[in-house]
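Single-letter residue listing:
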Amino acid sequence: QVQLVESGGGLVQPGGSLRLSCAASGNIFHIYVMGWYRQNPGKQRELVARITDGGSTNYADSVKGRFAISRDNAKNTVFLQMNNLKPEDTAVYYCHAQGSPLGYWGQGTQVTVSS
């Protein structure tokens, strides 16, 4: 089975930065898309950013200009650079890797933006 290991979450002050990483390992054929989602209690999980194996990116409107996603295809690793963080960015962030036909979720990492 495929495992996704996330790191980089934590507590940061408003205006600060964090860099999340997620490495996929296990029985992997090919990962076409990797992305980051976030979720607060009682709310739907929402897409933050995603990137294809060809480098095409997509961002939620709320994070455009502040977050940047990148990936290392050879290592099946995805990164999320988060700058100018705001309290509303506080959430559990989940890594997702999409293969064919299966997709995989990480366990989630907490990001808290507070002074």
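Structure: above.
Note that the structure is predicted; figures quoted are calculated from it, not measured.

(A) Region of the structure containing the packing of aromatic side chains. A complete count under the given rule lists 1 aromatic pair for this structure. Aromatic pair Tyr37 and Trp105: ring centres 5.0 Å apart, planes at 70°, arrangement edge-to-face. Remark: Trp105 occurs in strand 10 (residues 103-105) and Tyr37 occurs in strand 4 (residues 33-39); sequence separation between them is 68 residues. The exposure class assigned to Trp105 is partly exposed, which follows from its relative accessible area of 42%. Over the ring of Phe79 we find Arg19, and its NZ or CZ is 4.2 Å from the ring centre. Its end group placed over the ring of Tyr94, Arg45 keeps NZ or CZ at 3.7 Å from the ring centre.

(B) Structural detail: the state of the cysteines. Applying the stated rule across the entire model yields 1 disulfide. Across the disulfide from Cys22 sits Cys95; the S-S distance is 2.1 Å. Disulfide Cys22-Cys95: the torsion about the S-S bond is -85°, which places it as left-handed. Here the residue Cys22 occupies a position in strand 3 (residues 18-26), and Cys95 occupies one in strand 9 (residues 91-98), the gap between them amounting to 73 residues. Note on accessibility: Cys22 and Cys95 belong to one class, buried.

(C) Just the nonpolar core, in detail. Core analysis: the biggest nonpolar cluster contains 29 residues, and Trp36, Leu80, Met82 and Tyr93 have the highest contact counts within it. Mapped onto this core, the elements with two or more residues apiece are strand 1 (2-7), strand 3, strand 4, strand 5 (46-52), strand 7 (67-72), strand 8 (77-82), strand 9 and strand 11 (109-113).

Scoring rules and cut-offs
- Residues numbered from 1 in each chain as written.
- Predicted model: local features only at pLDDT ≥ 70, side-chain atom pairs only at ≥ 80, totals over all residues.
- Heavy atoms only, no water.
- Phe/Tyr/Trp six-rings, centres within 6.5 Å; stacked < 30°, edge-to-face > 60°.
- Helix = DSSP H or I, 4+ residues; strand = E, 2+ residues; numbered from the N terminus.
- Buried < 20%, exposed > 50% of the residue type's maximum accessible area, 1.4 Å probe, protein only.
- Lys NZ or Arg CZ within 6 Å of the ring centre and 35° of its normal.
- Disulfide = S-S within 2.5 Å.
- Core = buried A, V, L, I, M, F, W, Y, C linked by side-chain atoms within 4.5 Å.

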